[in-house]
Structure formats: C-alpha cells, structure tokens
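Next come the chains, spelled out residue by residue.
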Amino acid sequence: MSKLGFSVYCSTFKKIETRLPSYAQEGSLVFTSLHIAEEMNAAYFDDVEHMLKALKKMGFQIVCDVSRKTLEMFNYTDILQFKNDFGIDALRIDYGFSFEECKALAQTAAICLNASTISEKECEELLAVNPDILFIHNFYPRPETGLDDETFDAMNAMLLAHHAKIMAFINGNEVLRGPLYEGLVTLEKHRHQNPYVNYLDLCLNHGIENILVGDSLIDSISFERISKFNSEGIISLPCHLHHGYEQYYNQTFTIRSDSPKGLKRLAESRGYAAAGEKIKPDNCIYRKRGCIVMDNERYQRYSGEIMIPIDDYPQDDRVNVIGELHEDYMALLDCIKNGSKIMFVK
C-alpha cells in the first residue's frame, strides 16, 4: 500500500497546527518549503523554528525543500549543519546546488530530488551513491500546467527501471494554498477531483508508493477512507442505494477475477437468490456508467448478482438498477481492478 503524507507552510501552519496530530501516523512524512519569498517577514525565523519543532513532537518525518536562498536567509554556509540544527530528516534539493554537490550530499544525508526533471544518467549516478534517494515530482499551482498521465508514466518508467523511490502530490480540500488557491497537484486531471479519488489513482493506476497532500490537509472523511484502504485494502464507494437495497451498505465485496472490462461482477452476490430471496423486476432502466445493478428472477440462476457497469449498457427487463455512485467519485471506477475489495458507503 502507499503512504500518505502532508504539506505545511509557515504562513498557514498556525491555522492547522492543532489538527495535524490526528493525521500523524507511524512514519508519516510532512513536506515544507523554506524558500518561499512571500512568506518571509520579521517573524519568519521564529515561526519556522516553532513549526519544525512542533512537527517533530507530533512524530512526523520532515522533508524540507531548500535552496541557496534558504542558507542565506538563515545565515548558514553548511547545508548539513542547517539540516541537523533544525531537526530535518531529508533535504529536497532545489536550485543553487550543482549536480556534484548533490552527489556529495547523498553520501552522508537523506536527500530528495526532482522526479519531473532528472535525467536518466543523473538518476543512475545518484542511486549508485545512495539507493535510498527519494525522487519527488513537482506540484503545479497554475491550472493547465500539471502533468498528463502519459508524461507522468514515462518519467516514472525511467525511474522505476532503476528501482528509484517516487513521490507525487495530490490536492488538499481544506486550507488551500495561495496565491491561486486552485490545488497543488502533480497531475492536472486531479486539480478539482476529490483527494481520496486522486490518492487511489496514484496508488493503483500509477504505482506511486509515497503520496503527499500539496495543500496541507484533506477532510476527515477522505482521510478515513484512505486509512481504511491502506489498512484493509478496501475501496470505499460513496453511493446512493435505492429503498429496499440499503442492506448492501458497509458489506465487503470482491470483484470477480474474471470480470470483463466494462462490467465489474461482485463475487459474493450470487448467493442472495440461492438463499431464498426472490428478486422481482424493478427499475429496469438504461444502465449508465456508475450505476449499481442486480439481476432479477427473469435472469434465472443469475438472479441476485450485483454488478457495476464501467461502460453504458442498454435497458434490460432482467436487470434492476438499484443505486448510483456519487458523481464526485465516478473516477473510482477506473481504480477498481479484478480481485479488488470494495464497500458501498453512504
């Protein structure tokens, strides 16, 4: 399973400080940047010191984005001394450091580099020095500039060929970061989607093991659903089940391993009719992507089977439409694989 981390920024840290402990889990990463010009003011040094000490006390592992400007601002000449003095666990090296300096740092410190811009030759050389280097993709505050799936996967294929560890960002949906407040995402398609959906997309469709919320926090329900997936492997599907079918909420189902691409079949559902329940024809309408359907008694021995159409299917008098996924979570359909565990939730 992937790991979920968060991002904090000095200018907004006090707004979220009391809420962060409830999101801290063993080994949780937190990302921050110490060279954002618009955050710098007379209290900046003291605010940074307070923030980093508080994060360590909460149990977070701190990944800090640094540049030459960071050293100048804090009156340091040695980046490793700066790292040790402020209790930083890993340095994300930004502009101002040469490739040779990065290689030298990697010999004695945990460092992170830009996954979106690294060349294959540089990747090889760095991993030869330190195989634990983490490669972090950029986030893109400006709409339309985030990566597309194909570019992202091509970048990652090169890194994964060398067994590199990769991290990427999803949007938060609470306390968005300015000045644009439009989500700090790696993939453009994620910008206005639910963070829970985006987390599963990165994990299940792109194989990313380290995922950070770019905009600090997500809502508690999304966090709980991500935690459930990480601990139990269950994909929660927010939906509305029609009257008479509410008993199927909060049950764990398995997608049959032989389900076709356009229709996900729930393995456990075939036993319902066999147990004696008569499934009468009801709401036999056009089956749109994302609805939840059940075969009725007209389908004979298939009666009682529940399925989720990934594609659209025509109306069939033998199939009842018993519910619909919530429109904000339709992209979860592309995360469900054969063999997945799912649960319908309100």
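A. Just the overall build of the chain, in detail. For the chain, the count of helices and strands is ten helices and 15 strands. In terms of its C-alpha atoms, the chain occupies a principal-axis envelope of roughly 80 × 40 × 35 Å. A buried classification covers 53% of the 346 residues belonging to the chain. At a minimum sequence separation of 6, the contacts of the chain that also span at least 24 residues come to 72%.

B. Broad picture of the sheet that holds strand β2 (residues 29–33). The strand order around the closed barrel built from eight strands is β1-β2-β3-β4-β5-β6-β7-β8, with neighbouring strands paired in parallel fashion. Recorded for the sheet is a direction-independent mean angle of 30 degrees between the axes of neighbouring strands. The strands that helix α5 (residues 99–106) touches are β4 (90–93) and β5 (111–114); relative to β5, the one it contacts most, it runs at about 150 degrees.

C. Highlighting helix α9 (residues 220–232). Between its terminal C-alpha atoms α9 stretches 18 Å, which fits the 18 Å expected from 13 residues at 1.5 Å a residue. Among the residues of α9, those classed as buried are Ser222, Phe223, Arg225, Ile226, Ser227 and Phe229. On its buried face, α9 is in contact with β1 (3–7), α8 (195–206), β9 (234–241) and β15 (341–345). The opening residue of α9 is Asp219, an N-cap whose side-chain oxygen sits 3.1 Å from the backbone nitrogen of Ile221. Positive backbone phi, approximately 75 degrees, marks Gly233, located one or two places after α9.

D. Inspection of unusual backbone geometry at higher detail. For the peptide bond that leads from Gly178 to Pro179, omega is 5 degrees, which places it in the cis range. One non-glycine residue with positive phi stands out, namely Tyr181, at about 55 degrees. Position of Tyr181 relative to the elements: it lies in the loop between β7 (165–170) and α8. With a relative accessible area of 52%, Tyr181 lands in the exposed category.

E. Main features of the sheet that holds strand β14 (residues 319–325). With mixed pairing, seven strands are arranged side by side in an open sheet as β10-β15-β9-β14-β12-β13-β11. Pairing within the sheet leaves two strands with one partner each, and these edge strands are β10 (252–254) and β11 (263–265). Each strand axis lies, on average, 40 degrees off the axis of its neighbour in the sheet, ignoring direction. Taken together, the three bridges between β10 and β15 define a ladder with antiparallel strand orientation. For Thr252, the partnering residue across the bridge sits in β15 and is Met343. The sheet contacts of α9 involve β9 and β15, and relative to β9 the element is tilted by about 135 degrees.

F. Focus on the packing of α8 against α9. Interaxial distance between α8 and α9 falls to 9 Å at its minimum, and their mutual angle equals 25 degrees. Between α8 and α9, the angle is such that the two are roughly parallel. Seen from α8, the contacting residues are Tyr196, Tyr199, Leu200, Cys203 and Leu204; seen from α9, they are Ser222, Arg225, Ile226, Phe229 and Asn230. Of the residues in the contact of α8 with α9, the class split is seven nonpolar, two polar and one charged.

G. Highlighting the pairing of β14. Most of β14 sits inside the fold, with six of its seven residues counted as buried. As paired elements, β9 and β14 share three bridges and run antiparallel to each other. Each residue of the ladder has a partner; that of Leu241, found in β14, is Gly323. Pairing between strand β12 (residues 291–295) and β14: five bridges, direction antiparallel. Bridge assignment links Ile292 to a residue of β14, and that residue is Gly323.

H. Representation of the packing of aromatic side chains. Evaluation of the coordinates by the stated rule reveals 16 aromatic pairs. Taking 5.4 Å as the distance between ring centres and 75 degrees as the angle between the ring planes, the aromatic pair formed by Phe31 and Phe169 counts as edge-to-face. Note that Phe31 is positioned in strand β2 and Phe169 in strand β7, a separation of 138 residues in sequence. The class of Phe31 is buried, set by a relative accessible area of 3%. Of the residues examined, Phe169 reaches a relative accessible area of 2% and is grouped as buried. Here Phe74 and Phe86 contribute two aromatic rings whose centre-to-centre distance is 5.5 Å and whose plane-to-plane angle is 75 degrees, an arrangement assigned as edge-to-face. A residue pair is termed long-range when its members are at least 10 positions apart, and Phe74 in the loop between α3 (68–73) and α4 (79–85) and Phe86 in the loop between α4 and β4 qualify at twelve residues. When its relative accessible area of 5% is taken as the criterion, Phe74 is described as buried. Look at Phe86 and you get buried, because its relative accessible area is 10%. By the ring-pair criterion, three or more aromatic residues cluster together here, those being Tyr44, Phe45, Phe74, Tyr76, Phe82 and Phe86. Its guanidinium or amino end placed over the ring of Tyr9, Arg177 lies 4.4 Å from that ring's centre, counting from NZ or CZ. Across from the ring centre of Tyr299, 4.2 Å away, lies the NZ or CZ of Arg318, which sits over that ring.

Parameters at a glance
- Every chain is numbered on its own, with residues counted from 1 as its sequence reads.
- Restriction of local features to residues with pLDDT of at least 70 applies here, the model being predicted, together with a cutoff of 80 or more for giving and counting side-chain atom pairs; totals for whole chains, interfaces and linings are based on all residues.
- The side-chain figures draw on all heavy atoms in the structure; neither hydrogens nor water molecules are used.
- Secondary structure elements are taken from DSSP: a helix is a run of H or I of four residues or more, a strand is a run of E of two residues or more, and numbering for both begins at the N terminus.
- Using a 1.4 Å probe on the protein chains alone, a residue whose accessible area is under 20% of its type maximum counts as buried, one over 50% counts as exposed, and one in between counts as partly exposed.
- By definition, residues are in contact when any of their heavy atoms lie within 4.5 Å.
- Strand pairing is assigned whenever DSSP detects at least two bridges linking the two strands.
- Angles run from 0 to 180 degrees between N-to-C directions of axes, and those axes are lines fitted to C-alpha atoms, restricted for helices to the stretch in contact.
- How far a helix is expected to stretch is found by multiplying one less than its residue total by 1.5 Å.
- Two N or O atoms count as a polar contact when they lie within 3.5 Å, although within protein this holds only if one can serve as hydrogen donor and the other as acceptor, and sequence-adjacent residues are included solely when both atoms are side-chain atoms.
- Orientation is classified from the angle alone, with under 35 degrees giving roughly parallel, over 145 giving roughly antiparallel, 65 to 115 giving roughly perpendicular, and any other angle giving oblique.
- Residue polarity is assigned by list, with Asp, Glu, Lys and Arg as charged and Ala, Val, Leu, Ile, Met, Phe, Trp, Tyr, Cys and Pro as nonpolar; anything else, Gly included, falls into the polar class.
- Ring pairs shown here join Phe, Tyr and Trp side chains whose ring centres sit within 6.5 Å, with only the six-membered ring taken for Trp; geometry is labelled stacked below 30 degrees between planes, edge-to-face above 60, and tilted in between.
- Counted as over-ring charges are cases with an Arg CZ or a Lys NZ within 6 Å of the ring centre that also lie within 35 degrees of the ring normal.

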